[in-house]
Amino acid sequence: MTAPIALDDPDARFLTAHFGPKVAALLTSPRLRAAVLAFDLIASSYQRDGDCIARAWMVGMNPHLDEQSPIDAIADGHHAN
């Protein structure tokens, strides 16, 4: 259902051509974009071990999210909040 909408994006057209519409829709979903944006933002904030720090932050419990991990909050659709 989201594949036709995603086809307006050049990246999505590339993904659709190479991996099919289901994978393209998954890879261009708002949830995945939110998770990648958060991870990249945190990882780029640290010169050393940025990926490890971002990974730990994404799976760790967060008091601002009612003790839910950020990745679980994004998966549950709370990425816009």
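In this text the structure is predicted, and so the values were computed from the model without any measurement. (Residues numbered from 1 in each chain as written. Predicted model: local features only at pLDDT ≥ 70, side-chain atom pairs only at ≥ 80, totals over all residues. Heavy atoms only, no water.)

Enquirer: What am I meant to see in the overall build of the chain here?
Expert: Looking only at helices and strands, the chain features six helices and zero strands. Counting only residues that meet the buried cut, the chain has 26% of its 81 residues in that class. Accessible surface for the chain amounts to roughly 6000 Å². Of this, 62% is attributable to carbon and sulfur atoms. (Helix = DSSP H or I, 4+ residues; strand = E, 2+ residues; numbered from the N terminus. Buried < 20%, exposed > 50% of the residue type's maximum accessible area, 1.4 Å probe, protein only. Areas by Shrake-Rupley, 256 points an atom, 1.4 Å probe, with all protein chains shown as cover.)

Enquirer: Just checking my understanding: could you explain helix α4 (residues 30-43) for this structure?
Expert: Taking 1.5 Å of rise per residue, the 14 residues of α4 would be expected to cover 20 Å, and the 20 Å separating its terminal C-alpha atoms lies within 8% of that figure. Those residues of α4 not exposed but buried are A35, A38, I42 and A43. End-on view of α4: buried residues confined to an arc of 125°, all on one side of the axis. Facing away from the buried surface of α4 by more than 90 degrees, the exposed residues are P30, L37 and L41. (Expected span 1.5 Å × (residues − 1). Arc of directions from axis to C-beta.)

Enquirer: What's the story with the packing of α4 against helix α5 (residues 50-59) in this structure? I'm lost.
Expert: The relative placement of two packed helices is expressed as an angle between their axes plus a distance between the axes. At a minimum axis distance of 8 Å, the contact between α4 and α5 shows a crossing angle of 130°. When the axes of α4 and α5 are compared, the pair comes out oblique. The two elements α4 and α5 meet at a crossing, and its hand is right-handed. In this structure, α4 uses A35, A38, F39, I42 and A43 to contact α5, whose residues at the interface are G50, D51, I53, A54, R55, W57 and M58. Grouping the amino acids of the contact of α4 with α5 by side-chain chemistry returns nine nonpolar, one polar and two charged. (Axes fitted to C-alpha atoms, helices over the stretch in contact; angles between N-to-C directions. Parallel < 35°, antiparallel > 145°, perpendicular 65-115°, else oblique. Left-handed = near helix turned anticlockwise from the far one by under 90°. Contact = heavy atoms within 4.5 Å. Nonpolar A, V, L, I, M, F, W, Y, C, P; charged D, E, K, R; others polar.)

Enquirer: What is the right way to read the environment of R13 from this model?
Expert: Within the element layout of this structure, R13 appears in helix α2 (residues 10-19). We classify R13 as partly exposed; its relative accessible area is 43%.

Enquirer: Help me understand the side chain of N62, please; the structure alone is not making it clear to me.
Expert: Along the polypeptide, N62 turns up in the loop between α5 and α6 (70-75). Among all residues touching N62, those that are not within four sequence positions of it are W57, E67, Q68 and P70.

Enquirer: Can you help me understand the environment of R31 in this one?
Expert: Looking at the element boundaries, R31 is found in helix α4. By relative accessible area, R31 is classed as partly exposed at 42%. Counting along the chain gives 45 residues from R31 to D76, while the straight-line C-alpha distance between them is 8.8 Å.

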